[in-house]
Amino acid sequence: MIENAMRYSHTLLKNTVIPGDTVIDATVGNGGDTILLAALVGKTGKVYGFDIQPQALQTTKEKLLLTGLGEQVDLYLQGHETLKSVVPAKTEIAAAIFNLGYLPKSDKKIITKGETTIQAIHAILPMLRKGGLVLLVIYSGHQGGQTEKDAVLAFTEQLPQQFFNVLHYGFINQRNDPPFLLIIEKK
Ligand SMILES: C[S@@+](CC[C@H](N)C(=O)[O-])C[C@H]1O[C@@H](n2cnc3c(N)ncnc32)[C@H](O)[C@@H]1O
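This section reports on the structure supplied with the text. (Residues numbered from 1 in each chain as written. Predicted model: local features only at pLDDT ≥ 70, side-chain atom pairs only at ≥ 80, totals over all residues. Heavy atoms only, no water.)

## Regarding the sheet that holds strand E6 (residues 164-169)
Hydrogen bonds between backbone atoms are what pair the strands of a sheet, whose relative direction is either parallel or antiparallel.
Part 1 of the reasoning: The strand order across the open sheet formed by 7 strands is E3-E2-E1-E4-E5-E7-E6, and the pairing between neighbours is mixed. Two strands bound the open sheet, and with one partner strand each, they are strand E3 (73-77) and E6. The mean inter-strand angle of the sheet, taken between neighbouring strand axes irrespective of direction, is 15°.
Part 2 of the reasoning: As paired strands, strand E2 (residues 46-51) and E3 are joined by 5 bridges and run parallel to one another. Bridge pairing links Gly49 to Leu75 in E3.
Part 3 of the reasoning: Contacts from helix H3 (residues 54-67) reach E2 and E3, with the element oriented near 165° to E3. (Pairing = 2+ DSSP bridges. Helix = DSSP H or I, 4+ residues; strand = E, 2+ residues; numbered from the N terminus. Axes fitted to C-alpha atoms, helices over the stretch in contact; angles between N-to-C directions. Contact = heavy atoms within 4.5 Å.)

## Comments concerning the environment of Gly144
Part 1 of the reasoning: Take Gly144: it is sitting in the loop between strand E5 (128-138) and helix H5 (145-157).
Part 2 of the reasoning: Residue class for Gly144 comes out partly exposed when judged on its relative accessible area of 31%.
Part 3 of the reasoning: Along the sequence, Gly144 and Phe164 sit 20 residues apart, while their C-alpha atoms lie 27 Å from each other. (Buried < 20%, exposed > 50% of the residue type's maximum accessible area, 1.4 Å probe, protein only.)

## A closer look at the site of the ligand
Part 1 of the reasoning: For the ligand, the set of nearby residues contains 22 residues, the closest of which are Thr27, Asn30, Asp51, Gln53 and His80.
Part 2 of the reasoning: Gln53 places a side-chain nitrogen or oxygen 2.9 Å from an oxygen atom of the ligand.
Part 3 of the reasoning: In the complex, the protein chains occlude 93% of the 610 Å² of accessible area that the ligand would expose alone.
Part 4 of the reasoning: Within the residue set of the shell around the ligand, elements represented by two or more residues are helix H2 (32-41) and E2.
Part 5 of the reasoning: Broken down by class, the residue content of the shell around the ligand amounts to 8 nonpolar, 11 polar and 3 charged. (Near = heavy atom within 4 Å. Polar contact = N/O pair within 3.5 Å; in protein donor to acceptor, adjacent residues only side chain to side chain. Areas by Shrake-Rupley, 256 points an atom, 1.4 Å probe, with all protein chains shown as cover. Nonpolar A, V, L, I, M, F, W, Y, C, P; charged D, E, K, R; others polar.)

## Some remarks on the pattern of salt bridges
Part 1 of the reasoning: Following the criterion strictly, the structure yields 2 salt bridges and no others.
Part 2 of the reasoning: Across the pair Arg129 and Asp21 runs a salt bridge whose closest N-O atoms are separated by 2.8 Å. One end of the pair, Arg129, is in strand E5; the other, Asp21, is in the loop between helix H1 (5-16) and strand E1 (22-25), with 108 residues separating them in the sequence. (Salt bridge = Lys/Arg side-chain N within 4 Å of Asp/Glu carboxyl O.)

## Some points on the pairing of strand E4 (residues 93-99)
Part 1 of the reasoning: The element E4 is largely enclosed, with a buried count of 7 among its 7 residues.
Part 2 of the reasoning: Pairing between E1 and E4: 4 bridges, direction parallel. From the neighbouring strand, Asp25 faces E4, where its bridge partner is Ile97.
Part 3 of the reasoning: Inspection of the sheet shows E4 paired to E5 by 6 bridges, in the parallel sense. Directly across from Ile93, in E5, lies its bridge partner Leu128.
Part 4 of the reasoning: In this region the chain leaves E4, passes through helix H4 (residues 114-124) and returns to the parallel neighbour E5; the handedness of that crossover is right-handed. (Right-handed = clockwise from strand over helix to strand, strands pointing away.)

Set out below in structure tokens:
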């Protein structure tokens, strides 16, 4: 079976991230990506996680405690657009993941936005190591989603090809705006 956007993002993380790496979960939410990243980097690595909703970080903290993966994860209650305030500029990032949109079963008005998503990508790209990935799982079906999708596509399409590969991965025959994955790879 062909993997959907979310599953394929996890496959790519498993193929890219190794113990000791530093990675970013730009949209922690309920911690699905954070837990995977924490397991992949191991006790010698580091996960920087960002979200603007306290309940998201609380849920994720509990999951990290239960799985014994908390040691290598630093969670920040702040927007990913401010990540430079906590991630030192010289850090070598192996991968970063964005799961855009709203927190499932929560306030659908609290969404990621194109402008701040792009600011965060901008901040990460210089820190990305060769072969490193920025993964964006993009949902456009909710209010505000289409605007963010258009902005992120416009930004990533113009990334210089001598420095980055940008891949658009998603089903094109499904109804109801299925999520798709944008993959930025540093050459
Ligand atoms: C689709 S959810 C993330 C799902 C998560 N990756 C998971 O596995 O459960 C999107 C999250 O982005 C968060 N968010 C919205 N704007 C943000 C911002 N500027 N910086 C960081 N997180 C943000 C929302 O609070 C929400 O929890």
